[in-house]
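Residue-level listing of the chains:
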Amino acid sequence: MPRWKLTVEYDGRPYQGWQLQPHGPSVQACLEEAIRRFSGEVVRVHAAGRTDAGVHALGQVCHFDLKKPTKPDTVRDALNFHLRPEPIAVVRAEAVDDDFHARLSCKGRAYLYRIVNRRAPLALDIGRAWHVPTVLDADAMNEGAQRLVGNHDFTSFRASICQAKSPVKTLSLLTVSRMGQEIHMVARARSFLHHQIRNMIGTLRLVGEGKWTPDDVTRALEARDRAAAGQTAPPDGLYFTEAWYE
């Protein structure tokens, strides 16, 4: 049975997240329904990462099996036709080997978090970025971010409902940089804890405002206590940008 790998982008605002939900729309449900309409087959779509409600994607990767013989361009175009008017787009469809699994084969994931740092409110980016009106020092935030890079117990940045077996993760990259009125945080790791990125950016905001120093970030990390770190940033500015494979 042919296996298909999709690269998908979506606006997460209308959805309860990637995963199927009993009481609300999800990205997974929309894709599975589009596949059913295209092929007549009921399939399960597996993703590289389960994004939360309101979180967006530029490069989500998922896979599914399809009995119907077809071509990559046909899969992409047919799914995009049946996805309308949902804010979901299949950017690329590829035939892959049967042993490929979007989640289990994934060697790493990358996220972007956008802050719009200006006094004026958002107009075009409502729901697509975190509006922070107070001036932030991106260089200080980046210095604080480096205290989190490496293999650590990230309990202080872990949601209480996180289902991961261990709070220990290896953060391979965490950078904060200013681009005009925007501040971008880029994070890369094999995997992340629930709300880990949003809790890290909420903590680094304290450094950017001058309320904390980078040493305070280290103390929060070492405390292994969620109450020791900063707020959970809203989902608005978070984007799943990449999943990579061997």
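The residue count restarts for each chain, going from 1 along the sequence in the order it is written. Given that this is a predicted model, residues contribute local features only at a pLDDT of at least 70 and side-chain atom pairs are listed and counted only at 80 or more, while totals for whole chains, interfaces and linings are drawn from all residues. The side-chain figures draw on all heavy atoms in the structure; neither hydrogens nor water molecules are used.

- An unreviewed UniProt entry lists the protein under the name tRNA pseudouridine synthase A, with Nitrospirillum amazonense given as the organism.
- UniProt positions are given in the numbering used here, feature names are shortened, and annotations may be inferred rather than shown by experiment. In the Sequence similarities (unreviewed entry) part of its UniProt record, the protein is described as follows: "Belongs to the tRNA pseudouridine synthase TruA family."
- Check the Catalytic activity (unreviewed entry) section of the UniProt entry for the protein; it says "uridine(38/39/40) in tRNA = pseudouridine(38/39/40) in tRNA".

### Focus on the domain arrangement of the protein
Accessible area lost upon the coming together of the parts is a frequently used measure of interface size.
Turning to step 1, where the next piece is worked out: The domain boundaries here were taken from an automatic or database domain assignment. Taken domain by domain, the protein comprises domain 1 (3-96) and domain 2 (107-245).
Turning to step 2, where the next piece is worked out: Taken together, the contact between domain 1 and domain 2 spans 16 residues of the former and 16 residues of the latter.
Turning to step 3, where the next piece is worked out: Throughout, the accessible surface (probe 1.4 Å) given up by two parts as they are put together, summed over both, is called the buried area. Contact between domain 1 and domain 2 buries roughly 1200 Å² in total, counting both sides, with carbon and sulfur atoms accounting for 54%.
Turning to step 4, where the next piece is worked out: Area buried by domain 1 at its contact with domain 2 is led by Arg13, Ala48 and His56, which between them contribute 37% of it.
Turning to step 5, where the next piece is worked out: For this analysis, a salt bridge means a side-chain nitrogen from Lys or Arg found within 4 Å of a carboxyl oxygen belonging to Asp or Glu. The interface formed by domain 1 and domain 2 includes two salt bridges.
Turning to step 6, where the next piece is worked out: A salt bridge links arginine 198 to aspartate 52, with the nearest nitrogen and oxygen atoms 3.9 Å apart.
Turning to step 7, where the next piece is worked out: Any pair of nitrogen or oxygen atoms within 3.5 Å is treated as a polar contact; in protein, a donor-acceptor pairing is required on top of that, and neighbouring residues in sequence qualify only through side-chain atoms on both sides. Counting across the interface, domain 1 meets domain 2 through 11 residue pairs in polar contact (both at pLDDT 80 or more).
Turning to step 8, where the next piece is worked out: What counts as a helix is a DSSP run of H or I of at least four residues, what counts as a strand is a run of E of at least two, and both are numbered from the N terminus. If one sorts the elements of the side of domain 1 that touches domain 2 by residue count, strand E3 (residues 56-65) sits on top with six residues. Note on contacts: a residue pair qualifies if any of its non-hydrogen atoms lie within 4.5 Å across the two residues.

### Here we look at the environment of leucine 31
Turning to step 1, where the next piece is worked out: Here leucine 31 shows up in helix H1 (residues 27-39).
Turning to step 2, where the next piece is worked out: On the basis of relative accessibility, which here comes to 0%, the residue leucine 31 falls in the buried class.
Turning to step 3, where the next piece is worked out: Once residues lying within four places of it in the same chain are set aside, the contact partners of leucine 31 are Leu6, Val8, Trp18, Cys62, Leu83 and Val90. A 1.4 Å probe rolled over the protein chains alone gives each residue an accessible area, and that area as a share of the maximum for its type sets the label: buried under 20%, exposed over 50%, partly exposed in between.

### Here we look at unusual backbone geometry
Turning to step 1, where the next piece is worked out: For the peptide bond that leads from arginine 84 to proline 85, omega is 0°, which places it in the cis range.
Turning to step 2, where the next piece is worked out: Tracing the backbone through its elements, the reader meets proline 85 in the loop between helix H2 (72-83) and strand E4 (88-96).
Turning to step 3, where the next piece is worked out: Although it is not a glycine, histidine 195 sits at a positive phi angle of roughly 70°.
Turning to step 4, where the next piece is worked out: Mapped onto the fold, histidine 195 is located in the loop between strand E9 (182-189) and helix H4 (196-208).
Turning to step 5, where the next piece is worked out: For histidine 195, a relative accessible area of 22% gives the class partly exposed.
Turning to step 6, where the next piece is worked out: We note that arginine 224 has phi near 50°; this positive angle belongs to a residue other than glycine.
Turning to step 7, where the next piece is worked out: Mapped onto the secondary structure, arginine 224 falls in the loop between helix H5 (214-223) and strand E10 (238-244).

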